[in-house]
Number of protein chains: 2
Amino acid sequence: MVTEREFLDGYDPRAYPALAVTVDVVTLTIRDGVLHVLLVERGEQPYAGRLALPGGFVREETLDQAALRELAEETGLLPRVHLEQLATFGDPGRDPRMRVVSVAYLAFAPRLPDPTVGGDAAAARWVPVDDATDLAFDHDAVLAAGLERARAKLEYSPLATAFVGEEFTIAQLRGVYTAVWGEEPHAGNFHRKVLSVPGFIEATGTTTERGGERGGPRSKLYRAGDARILHPALLRPTPEERR
Amino acid sequence: MVTEREFLDGYDPRAYPALAVTVDVVTLTIRDGVLHVLLVERGEQPYAGRLALPGGFVREETLDQAALRELAEETGLLPRVHLEQLATFGDPGRDPRMRVVSVAYLAFAPRLPDPTVGGDAAAARWVPVDDATDLAFDHDAVLAAGLERARAKLEYSPLATAFVGEEFTIAQLRGVYTAVWGEEPHAGNFHRKVLSVPGFIEATGTTTERGGERGGPRSKLYRAGDARILHPALLRPTPEERR
DNA sequence: AGAGTCCTTCTCAGATTGAGTTTATCTCCA
DNA sequence: TGGAGATAAACTCAATCTGAGAAGGACTCT
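Residues numbered from 1 in each chain as written. Chains lettered and ligands numbered in written order. Predicted model: local features only at pLDDT ≥ 70, side-chain atom pairs only at ≥ 80, totals over all residues. Heavy atoms only, no water.

Participant: Break down the overall build of chain A for me, with residues and values.
Facilitator: Secondary structure summary: chain A contains five helices and nine strands in total. Helices and strands in chain A line up, N terminus first, as α-β-β-β-β-α-β-β-β-α-α-α-β-β. With 243 residues in all, chain A has 50% of them scored as buried. Of the contacts formed within chain A by residues at least 6 apart in sequence, a portion of 66% connects residues at least 24 apart. Here chain A has roughly 11700 Å² of accessible surface; of this, 50% comes from carbon and sulfur atoms. (Helix = DSSP H or I, 4+ residues; strand = E, 2+ residues; numbered from the N terminus. Buried < 20%, exposed > 50% of the residue type's maximum accessible area, 1.4 Å probe, protein only. Contact = heavy atoms within 4.5 Å. Areas by Shrake-Rupley, 256 points an atom, 1.4 Å probe, with all protein chains shown as cover.)

Right under this line is the structure:
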């Protein structure tokens, strides 16, 4: 906010050229073990033909509502989506047309159907994050910030459960960590750790109907617990070489 | 950012009433072992007489530059200040005059002199964070977010060194954790831990000139190392009751 | 039926942690 | 000047946690 003094001293409509505030959403999901991000293809200049994060102007609504609205318009999804503010990008010149300050959001969703082009949805599609390069505007940096946030939050928050369905196996949960971190945690230790963190997951008492596709026993099913933070945390292997 | 489609579909100057973007800065420092925040007293309505975070309009500059400029205008301080983006607050109605989207920043500074009222500085002063209540606008929430971020960052980043001078003792560093967490870490274990984290601090080879004010031997002096993250982390005592 | 998969549990040595103790150095005050 | 009290730094030790591996089944496919 701004103090009255600054408001009076500084305010001159001509001194502050038109300025827009938008939201952009980094929506992540996992498909076939690979982390994907939701992108839309731009039809017009600038950056025509390039991929970009879905987003749009903020209306008379909260920023959170704007992000949720954009996400819904683009994908038709609403339920079971974790949404959080990521960071704000506002360098002059990041949009060649005018000064645009963009509040970036980060969303996590379980596997979703391909966006239907019903409604006003542009050509939205899921793209493996490794292929999501050369995005329009400064969206490469926005995506990078989102990925780093996601990797870090898996360590100390029960976020991974937002990527899987209502009921899930520990192996599925491990698949989330593998996809996001790009590294597979030790299966046995992961199992022990996940079960020992209070409130992370709770057993349903049921198991899967079948074993794994390539064999193996049925697995027990779990649902998300009520913990908001993981304690102790599940730390990434090799955060960096020691010494 | 915004796609061209959305830009064309949605853009109508009258549909989007005037909107301002500001930065507000939560500046923290430690004085006499107590965490303080920099506040300015508002002279005019709304919220006349109330305390508020320093801030102002974003000009033709990056958001980071705007935050740094506001901080410098308010306090005259520039060197050795750690500054990072905190979060963006944009609820309609958070400013009664117009829609104002505020990008909040978080700054950490070693002990600084009282802001001189030279220049255009308003009545800025350091206030113990526990006394910083009933702030103008939604600044209570902004401050709360800043405090929580600071507490969390002490765990896994070498941020504490931003609160002390160029050279410091381990006891001073422990004082930072005590002030921010409101809880004193075990002195012996803190000592061991801080020295064992690679890159956190490095010895200068010198000691203080005198012992502590109430006795005790001279302490060794250290300076900040080059680590960007602490690994392993210094976890807060009692993050919550286990089980 | 056999080969291969993999969920789940177990083992174990090494590292880390929390709590407390020890030693020596220094300041303040009588 | 001689304590009394404070504290930086190092050490001790038991309890816990961690990483790495292996074992036991239960299940899939061919």
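After that view, the rundown keeps rolling.
Participant: How would you summarise the packing of aromatic side chains if you had to cite specific residues and measurements?
Facilitator: All names here are of chain A. Throughout the structure, instances matching the rule amount to eight aromatic pairs over all chains. On the basis of an interplanar angle of 70° and a centroid distance of 5.1 Å, the ring pair of phenylalanine 108 and phenylalanine 163 is categorised as edge-to-face. Within this pair, whereas phenylalanine 108 is found in strand β6 (residues 99-108), its partner phenylalanine 163 is found in the loop between α3 (139-156) and α4 (170-181), the two being separated by 55 residues in sequence. Looking at phenylalanine 108, the relative accessible area reads 0%, which means it is buried. A connected cluster of aromatic rings, assembled from ring pairs, spans Tyr177, Trp181 and Phe190. (Phe/Tyr/Trp six-rings, centres within 6.5 Å; stacked < 30°, edge-to-face > 60°.)

Participant: Could you give an account of the protein's contact with DNA strand C, with specific residues and numbers?
Facilitator: Neighbouring residues of DNA strand C: 25 residues in total, closest Arg174, Arg214, Gly216 and Lys220 of chain A together with His186 of chain B. Take the atoms of DNA strand C that sit within 4 Å of the protein: sugar and phosphate atoms are 64% of them. For DNA strand C, a base nitrogen lies 2.8 Å from a polar atom in the side chain of histidine 186 of chain B. For the surface near DNA strand C, the elements supplying multiple residues, two or more each, are α4 and α5 (187-196) of chain A together with α5 (187-196) of chain B. Residues that form the surface near DNA strand C fall into these classes: three nonpolar, 11 polar and 11 charged. (Near = heavy atom within 4 Å. Polar contact = N/O pair within 3.5 Å; in protein donor to acceptor, adjacent residues only side chain to side chain. Nonpolar A, V, L, I, M, F, W, Y, C, P; charged D, E, K, R; others polar.)

Participant: So what's going on with the packing of α4 of chain A against α5 of chain A? Which residues, and what values?
Facilitator: All names here are of chain A. For the pair α4 and α5, interaxial distance at closest approach is 10 Å and the crossing angle is 105°. Relative to α5, α4 is oriented roughly perpendicular. Contacts between α4 and α5 involve Ile170, Leu173, Arg174 and Tyr177 from the former and Ala187, Phe190, His191, Val194 and Leu195 from the latter. (Axes fitted to C-alpha atoms, helices over the stretch in contact; angles between N-to-C directions. Parallel < 35°, antiparallel > 145°, perpendicular 65-115°, else oblique.)

Participant: Please set out the protein's contact with DNA strand D residue by residue, giving values where relevant.
Facilitator: The environment of DNA strand D is made up of 23 residues, and the closest members are His186, Arg192 and Gly216 of chain A together with Pro217 and Lys220 of chain B. Close to the protein, within 4 Å, the atoms of DNA strand D belong to sugar or phosphate groups at a rate of 64%. Here histidine 186 of chain A contributes a side-chain N or O atom positioned 2.7 Å from a base nitrogen of DNA strand D. The separation between a base nitrogen of DNA strand D and a polar main-chain atom of glycine 216 of chain B is 3.1 Å. Counting only elements with at least two residues in the surface near DNA strand D, the list comes to α5 of chain A together with α4 (170-181) and α5 of chain B. Among the elements that line the surface near DNA strand D, the one with the most residues is α5 of chain A, at three residues. In terms of residue class, the surface near DNA strand D is built from three nonpolar, 10 polar and 10 charged.

Participant: Go over the side chain of lysine 153 of chain B with me, naming the residues and quoting the values.
Facilitator: Residue and element names in this part refer to chain B. Locating lysine 153 in the fold gives a position in helix α3 (residues 139-156). Taking relative accessible area as the criterion, lysine 153 reaches 16% and is therefore assigned buried. Among all residues touching lysine 153, those that are not within four sequence positions of it are Glu84 and Leu159.

Participant: Describe the layout of surface pockets, with residues and values.
Facilitator: Residues and elements named next belong to chain B. The calculated volume of the second largest pocket comes to roughly 1000 Å³. Along its surface, the second largest pocket is lined by 33 residues, and Thr169, Ala171, Gln172, Gly175 and Ser219 are the ones closest to its centre. For the lining of the second largest pocket, the elements supplying multiple residues, two or more each, are α4, α5 and β9 (220-224). Ranked by residue count, the leading element in the lining of the second largest pocket is α4, at seven residues. (1 Å grid on protein atoms, 1.4 Å probe; cavity = no way out; pocket = protein on both sides within 12 Å on 5 of 7 lines; lining within 4 Å. Points joined across faces, edges and corners; volume = space filled by probe spheres on them.)

Participant: Tell me what's going on with the environment of proline 54 of chain A, and back it up with residues and numbers.
Facilitator: Residues and elements named next belong to chain A. Examined against the element boundaries, proline 54 turns out to sit in the loop between β3 (51-52) and β4 (55-57). In sequence terms proline 54 and aspartate 134 are 80 residues apart; their C-alpha atoms lie 15 Å from each other. Ignoring sequence-local partners within four residues, the contact set of proline 54 consists of Val23, Asp24, Val25, Leu38, Leu39, Val40 and Glu74.

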